[in-house]
Amino acid sequence: MPIPYRDADELNDYGIAGYLTIQPAKEGSGYLAALFLINARGEPIEFTYNRIETPHTFLWRQADIRRHAIKKITTSLLSLCPKIPRLMLCRAEEVGGELFCQDIQLSIPVCRIAPAIKAFPYSATEIQDRIEAEEPLNLFWYPGKPPEDSIELKLLHELLGRGLLTEPFERTLIGLRELYPEKGK
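Residues numbered from 1 in each chain as written. Predicted model: local features only at pLDDT ≥ 70, side-chain atom pairs only at ≥ 80, totals over all residues. Heavy atoms only, no water.

S.K.: Would you mind showing me how to read the overall build of the protein chain here?
M.R.: If you tally the helices and strands in the protein chain, you get 4 helices and 7 strands. Its helices and strands in sequence order give the protein chain the pattern β-β-β-α-β-α-β-β-β-α-α, from N to C terminus. Its C-alpha atoms give the protein chain a radius of gyration of 17 Å, within 12% of the compact-globule value 16 Å for 185 residues. Seen along its three principal axes, the alpha-carbon backbone of the protein chain occupies a region of about 75 × 40 × 30 Å. Accessible surface, the protein chain as shown: approximately 10,400 Å² in total, 53% of it carbon and sulfur. Side chains of the protein chain carry 22 positive and 26 negative charges; the gap between the two charge centres is 6 Å. (Helix = DSSP H or I, 4+ residues; strand = E, 2+ residues; numbered from the N terminus. Rg over C-alpha atoms; globule rule 2.2 N^0.38 Å. Areas by Shrake-Rupley, 256 points an atom, 1.4 Å probe, with all protein chains shown as cover. Lys, Arg positive; Asp, Glu negative; His and termini not counted. Charge placed at Lys NZ, Arg CZ, Asp CG, Glu CD.)

Right, dumping it as structure tokens:
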């Protein structure tokens with residue numbers, strides 16, 4: 001009787017997931033951002049990063065500067081990234097719903113992730129879902145949650161099962177800190 005097994009190469013069919021991280025620059029005005037691509041096993045595929053300075057002027061409202069800078073740095077990452085992920089994941093605390101619901105339209109599903117114990121605003125065009133992980137998480141999908149039998153959702157569940165739903169954001173932050181160390185250190 002054969003021993004049941006699952007060939008890990010099947011995971012290649014799931015494609016890759018993109019993790020978008022956007023952080024305010026510590027030493028001044030501006031933002032740092034990275035798009036980190038991993039496969040379903042969590043292996044790194046691509047790391048694209050950039051930095052943007054924001055103007056110090058009375059002509060801009062602070063909220064408008066932030067929105068403009070985040071849109072600009074995100075489009076630069078999307079333009080530079082050599083591979084297309086199956087889905088884009090980002091933290092709701094870093095990326096507002098307006099980025100992908102109004103300012104940039106992607107051809108892949110976008111999922112903003114937030115701890116369920118915190119309240120985050122979301123767009124009326126996003127679909128809210130909840131997932132039980134190590135801690136319960138709210139997922140905000142745009143333009144909508146992929147169908148249950150879709151490869152995108154299988155990829156998400158594979159990442160969740162391997163503890164990779166939020167962990168790659170930490171690796172992305174480590175990469176940004178190495179690339180853009182704080183001045184004076």
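S.K.: How should I be thinking about the sheet that holds strand S5 (residues 110-115) in this particular structure?
M.R.: Sheets are built from strands that pair by backbone hydrogen bonding, the pairs being arranged parallel or antiparallel. Across the sheet, which stays open at both edges, the 7 strands sit in the order S3-S2-S1-S4-S5-S7-S6 with mixed pairing between neighbours. Because the sheet does not close on itself, it has two edges, and the strands there are strand S3 (44-53) and strand S6 (127-131). Along the sheet, successive strands turn relative to each other by an average axial angle of 25 degrees, direction set aside. Here strand S2 (residues 30-39) runs beside S3; their pairing, made up of 9 bridges, is antiparallel. Each residue of the ladder has a partner; that of Leu-35, found in S3, is Thr-48. Across the sheet, helix H1 (residues 62-80) touches strand S1 (16-24), S2, S3 and strand S4 (87-91), and the angle it forms with S3 is around 145 degrees. Of the strands in this sheet, S1, S2, S3, S4 and S5 are in contact with helix H4 (residues 167-179), which crosses S2 at around 130 degrees. (Pairing = 2+ DSSP bridges. Axes fitted to C-alpha atoms, helices over the stretch in contact; angles between N-to-C directions. Contact = heavy atoms within 4.5 Å.)

S.K.: I keep staring at a nonpolar patch on the surface and nothing clicks. Help me out?
M.R.: A surface patch of nonpolar side chains, amounting to about 410 Å² of accessible area, comprises Phe-58, Leu-59 and Trp-60. Position of Leu-59 among the secondary structure elements: in the loop between S3 and H1. On the basis of relative accessible area, Leu-59 is assigned to the exposed category, the value being 66%. (Patch = residues over 30% accessible without salt bridge, like charges linked within 9 Å, V, L, I, M, F, W, Y side chains within 5 Å. Salt bridge = Lys/Arg side-chain N within 4 Å of Asp/Glu carboxyl O. Buried < 20%, exposed > 50% of the residue type's maximum accessible area, 1.4 Å probe, protein only.)

S.K.: Got a minute to help me understand the pattern of salt bridges in this structure?
M.R.: Pairing between side chains becomes possible if they bear opposite charge and their charged atoms approach one another. Throughout the structure, instances matching the rule amount to 12 salt bridges. Put simply, Arg-112 and Glu-126 hold a salt bridge, and the shortest N to O gap is 2.8 Å. Note that Arg-112 is positioned in strand S5 and Glu-126 in the loop between S5 and S6, a separation of 14 residues in sequence. The same class applies to Arg-112 as to Glu-126, namely buried. Among the salt bridges present, the one from Asp-129 reaches Lys-145, with a minimum N-O distance of 2.9 Å. Taken as a pair, Asp-129 in strand S6 and Lys-145 in the loop between strand S7 (137-142) and helix H3 (151-161) lie far apart in primary sequence, 16 residues in all. Relative accessible area serves as the criterion here: at 21%, Asp-129 is assigned to the partly exposed category. Relative accessible area serves as the criterion here: at 32%, Lys-145 is assigned to the partly exposed category. Sharing partners across several salt bridges, the network here consists of Arg-91, Glu-94 and Glu-170.

S.K.: It is not clear to me how unusual backbone geometry should be interpreted in this structure. Could you clarify?
M.R.: Trans is the common state for peptide bonds, and a negative phi is the common state for residues other than glycine. Omega for the bond connecting Tyr-142 with Pro-143 falls within 30 degrees of zero, at 5 degrees, which places this linkage in the cis form. The residue Pro-143 is located in the loop between S7 and H3 in this model.

S.K.: What is the right way to look at H1 in this model?
M.R.: With 19 residues, H1 extends 27 Å between its outermost C-alpha atoms, agreeing within 8% with the 27 Å of an ideal straight helix rising 1.5 Å per residue. On its buried face, H1 sits against S1, S2, S3 and helix H2 (97-103). (Expected span 1.5 Å × (residues − 1).)

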